[in-house]
Amino acid sequence: MTVLVGYVPTPEGEAAYGAALDEAQRRGEPLVLLNSPRSGAPVSADVAPEDTVREMTTRAQASGVELQVRQTPHTGEIADEVLRVAQETDASVIVIGLRKRSPVGKLIMGSSAQRILLDADRPVLAVKP
Amino acid sequence: MDLAPVLDGFTVVLEPTNLLYCLIGVVIGMLVGVLPGLGPAATIAILLPITFGVEAVTAIIMLAGIFYGAQYGGTITSVLLRLPGEASSVVTVFDGHALARQGKAGTALGIAAIGSFIGGTVSILALTFLAPLVAGFALDFGPPEYTALALLGILLVATVSSGSRLKAVIAAAIGLLLATVGRDAFTGGERFTFGNLSLADGLDFVPIAMGLFGLGEILYNLEERHTAVHAPATVANVWPSRKDLRQSSGSIGRGSVLGFVLGILPGGGATLSSLAAYAMEKKRSKTPERFGHGAVEGVAGPETANNAAATSSFIPLLTLGIPANATMAVIFGALLIQGVSPGPQLVTQEPELFWGVVNSLYIGNILLLIMSIPLVGLFVKILRVRPAILAPITVLITLVGVYTVNNDVFDIVLVIVFGALGYLMKKLGFDPGPLVLAFVLGTLLEDSLRRSLLIFDGDATEFFARPISGILLVLFLLVALLPPVRSAIVRRRTTSTETRTKELV
Amino acid sequence: MTSPHDGAHTPGSPGGRTAAGATSQGDVEPTSAGPAHPAEPAPSTLHDLEEAVHQLEAEAEHRPPPAGLGTNLVVAAVVVILGAAALLGSMSLGAGSAGNPGPGTWPMIISVVLVVLGIGLVVTARSTSDAERFSGSTWLVLAGLATMVVFVALISVIGFEIPAALLAFVWLRFLGRESWRSSIVTSLCVVVAFYVVFVAALSVPIPHLF
């Protein structure tokens, strides 16, 4: 039983992390941080830089939460990766950050948050910054 | 020395079209250096069709810009991401990335930019004085000298190229064979054309280069497993301190000279000079333990050397008509397409082209220095594009581009065939560079050889009777025979040492 | 990057490297494979450097493992056969002589050299490690080549637009593992861009449907 948070270095991701930390503390479960970039390009804006990871680890320690960071790249859709890791870590809740998307934006680019919400087989906590 | 043609060269470079193409070349070069995948040789090959529509000077200015621009681009990823973008920037990873981890990425990039600029400038100055001398000396060359020179050039490139020597020479031999396809210049008979009309005029250089270097590399990269993904790096302090500059001044000086010398040698080139410069700096240093942990000399030396070498590798091509490495071979081909025959007569017969290209190196170097630091952020953003998206676009550019050369679908077939060949060669350890080099030199070599034999009445020993061709051929034999002899001797020494040790025990 | 591997270097060869950065080995006696090294008198710092460089490149590129003896022998055999075929071809063209070279003289010289070198490859086949094994990823390359063949086969018949879109789509979706949606969208954008540049702007007489 763990708390799984899908993180990217954005305000939405930050909000998700904060909420996930609270959840993990409340439930007394370890926190799994999934920061998985799309495999392929050498550089990705989705990867959390080292000092951010360090800072988040310190915050977790201060709250008495056991933190596990996963940064391995994935292929395909991030939504599938989140759901796969949720299954693997036996997550009791998935925490994600929500970003406002226009209907056209959702049509062309899709919404991974929407896919996670609709396809998850466990509770999902969607947070706004 | 007559300065008039040199100054005329500047007038040529400063024409708006040429300036624009210089800028385009340098930017594309930096891009190519940053992005993993295509190298400068492949990019120049793929862009060959563009050279048809412009003047010779303009085309070569752009292609040259791509070449030395790529030397700098590779530094950016080496320093920031520990990902060498170009083979000549691999050494920069050791100390450059260490500096970045200490928060001094700007120092590393700044030193690299300054060193590259100085190295390039020193090389160009030396080129300006040396090239006409060499060309003048070579005007006395006859067919025997050219035979020996071409042979030596091909062998040096095959021998000094990274990879199995044996396979590189085999690649060169295949290149020479391919050059014989078509009509024989002396007798007019057809060779190896198998009745195919398209082959009657010989194999066209452009599809071969585009296929071997362009498509071949893209196909080869398909098998690459993806590397680690990094967060976009921030570059804080953008300029090196005075202390750093003083510390690196020696390495920059040494790197310039070393790079210049190694670049002229066929097969030498930017990669070898960056390695040699690093090794030299480390050996000379009183505190060699700093190397690998952020020694500025470890960045200054190699970066200076590789730009100096990239520039000086133009000398054999522009003065003797002998390309010093694979990229120069492609540029040689580009010149042939434009109807320009590179050789010693180039300086005197086409001074505008010669000095236009040489002087564009100055301008291009300045452009690089100006643009390098501000554009770093942009290039890191560009690295976010997935190679999977760029690959099909590049493939289509190649396929459609080769069609535009002759409006012949057969060329597309050729480029695909050579693309497959290029893939197989890289996969199996054969460097395609010597093949292209031998292909462009093949006609010249055979021509000179047959003329020489006619002059000598079939007596091949006459080659050694003439001083220049004799010396060159002796060098050729030395380079060809020395390595296998050396390893055979050493092997025997090893076994005798081993038997001695066994006896002692 | 394009530098091929050194003949003596095996990808994945021993030598610990920390993540913090390469440790260039200085003047330590090199211990890597190769008959020359134990008795080599010269310091070979350059060689150590080359080893470190190759290791860095191998890490960055993650290529398949080296090929086995079978592959090396086949390659060598191909070279020998190629040389022999060229030899026969050049002799039929007229070998001529040193004093009177014919059209077949020069190709003959090269063919002989090729055969000799090919035999050299056979002899060294056991110790050759710079060829790569043909693995599962090779299918990707074959697929890529197939799309190009289809492209050139269809281009004269139905113009370049459809084959180009197909090629781009296959490369994006199957070779690049992009999503269906973005593969389709990108393919269409690419074809449109090519049309605008080559047909509309440059008026290249490439066969086109629209």
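No experiment lies behind these values; they were computed from the predicted model shown.

So, how was this worked out
Residues numbered from 1 in each chain as written. Chains lettered and ligands numbered in written order. Predicted model: local features only at pLDDT ≥ 70, side-chain atom pairs only at ≥ 80, totals over all residues. Heavy atoms only, no water. Axes fitted to C-alpha atoms, helices over the stretch in contact; angles between N-to-C directions. Helix = DSSP H or I, 4+ residues; strand = E, 2+ residues; numbered from the N terminus. Parallel < 35°, antiparallel > 145°, perpendicular 65-115°, else oblique. Left-handed = near helix turned anticlockwise from the far one by under 90°. Contact = heavy atoms within 4.5 Å. Nonpolar A, V, L, I, M, F, W, Y, C, P; charged D, E, K, R; others polar. Patch = residues over 30% accessible without salt bridge, like charges linked within 9 Å, V, L, I, M, F, W, Y side chains within 5 Å. Areas by Shrake-Rupley, 256 points an atom, 1.4 Å probe, with all protein chains shown as cover. Salt bridge = Lys/Arg side-chain N within 4 Å of Asp/Glu carboxyl O. Lys, Arg positive; Asp, Glu negative; His and termini not counted. Charge placed at Lys NZ, Arg CZ, Asp CG, Glu CD. Buried < 20%, exposed > 50% of the residue type's maximum accessible area, 1.4 Å probe, protein only. Pairing = 2+ DSSP bridges. Core = buried A, V, L, I, M, F, W, Y, C linked by side-chain atoms within 4.5 Å. Domains from an automatic or database assignment. Phe/Tyr/Trp six-rings, centres within 6.5 Å; stacked < 30°, edge-to-face > 60°. Lys NZ or Arg CZ within 6 Å of the ring centre and 35° of its normal.

**Student:** So what exactly am I meant to see when it comes to the packing of helix H10 (residues 242-264) of chain B against helix H12 (residues 297-312) of chain B here?
**Tutor:** For any two helices packed against each other, the geometry comes down to the angle between their axes and how far apart the axes lie. Residues and elements named next belong to chain B. The geometry of H10 relative to H12 is characterised by a closest axis approach of 7 Å and an angle of 30° between their N-to-C directions. Compared by their axis directions, H10 and H12 come out roughly parallel. You can see that H10 and H12 cross each other, and the crossing is right-handed. Residues Gln247, Ser248, Ser251, Ile252, Gly255, Ser256, Gly259, Phe260, Gly263 and Ile264 of H10 form the contact with H12, whose own contacting residues are Glu297, Ala300, Gly301, Thr304, Ala305, Ala308, Ala309 and Ser312. The residue inventory of the contact of H10 with H12, partitioned by class, reads 7 nonpolar, 10 polar and 1 charged.

**Student:** Explain a positive patch on the surface here, please?
**Tutor:** On the surface, a cluster of positive charge is contributed by Lys104(B), Arg242(B), Lys243(B) and Arg246(B). Inspection of the secondary structure puts Lys243(B) in helix H10.

**Student:** Before we go on, may I ask you to explain the pattern of salt bridges in this structure?
**Tutor:** Between side chains of opposite charge, pairing is possible as soon as their charged atoms come close. For the structure shown, the criterion picks out 20 salt bridges over all chains. Notably, a salt bridge pairs Arg254(B) with Glu281(B), separated by 2.9 Å at the nearest N-O pair. Placement of Arg254(B) in helix H10 and of Glu281(B) in helix H11 (residues 269-284) is noted, with a sequence separation of 27 residues between them. Take Arg254(B): its relative accessible area is 25%, and that puts it in the partly exposed class. For the salt bridge of Lys427(B) with Glu132(C), the shortest nitrogen-to-oxygen distance reads 3.2 Å. You can see Lys427(B) sitting in helix H19 (residues 409-427) and its partner Glu132(C) sitting in the loop between helix H3 (105-123) and helix H4 (138-158), one on each of two chains. This pair shows no difference in class: Lys427(B) is buried, exactly as Glu132(C) is.

**Student:** Explain the pairing of strand S3 (residues 67-70) of chain A to me, please; I cannot follow it from the model alone.
**Tutor:** Successive side chains on a regular strand alternate, one facing one side of the sheet and the next facing the other. For strand S2 (residues 31-34) of chain A and S3(A), the ladder comprises 4 bridges, and the chain directions are parallel. Its bridge partner being in S3(A), Leu33(A) is matched across the sheet by Val69(A).

**Student:** Would you mind showing me how to read the sheet that holds strand S5 (residues 124-127) of chain A here?
**Tutor:** To summarise the sheet geometry, strands pair through backbone hydrogen bonds and adopt either a parallel or an antiparallel arrangement. Residues and elements named next belong to chain A. One open sheet accounts for 5 strands, arranged S3-S2-S1-S4-S5; its pairing is parallel. Strands with a single pairing partner mark the edges of an open sheet, and in this sheet they are S3 and S5. The mean angle between the axes of side-by-side strands here comes to 20°, regardless of whether they run parallel or antiparallel. Across the sheet, helix H1 (residues 11-27) lies against strand S1 (2-6), S2, S3, strand S4 (91-97) and S5, angled at about 155° from S4, the strand it touches most.

**Student:** Is there a simple way to think about the nonpolar core in this case?
**Tutor:** Soluble globular proteins: nonpolar side chains tend toward being buried together. Judged by nonpolar contacts, the single largest core of 184 residues is most densely connected at Leu399(B), Phe151(C) and Trp171(C). Both domains that meet at this core, namely domain 2 (69-127) and domain 3 (138-201) of chain C, each give it at least three residues.

**Student:** Looking at this structure, how should I read the packing of aromatic side chains?
**Tutor:** Inspection of the entire model under this criterion finds 11 aromatic pairs over all chains. Measuring from centroid to centroid gives 5.0 Å for Phe354(B) and Trp355(B), while their planes differ by 85°, and the two rings are edge-to-face. Between Phe169(C) and Phe174(C), the aromatic rings sit 6.2 Å apart at their centres with planes inclined by 90°, giving edge-to-face as the arrangement. Accessibility expressed as a relative area gives 16% for Phe169(C), which makes it buried. In textbook terms, an aromatic cluster arises when at least three aromatic residues are bridged by ring pairs, as seen for Phe94(B), Tyr278(B) and Phe291(B). Looking at Lys426(B), its charged tip hangs above the ring of Tyr220(B), at a distance of 5.5 Å from the centre. Over the aromatic face of Phe134(C) sits the side chain of Lys427(B), whose NZ or CZ is 5.4 Å from the ring centroid.

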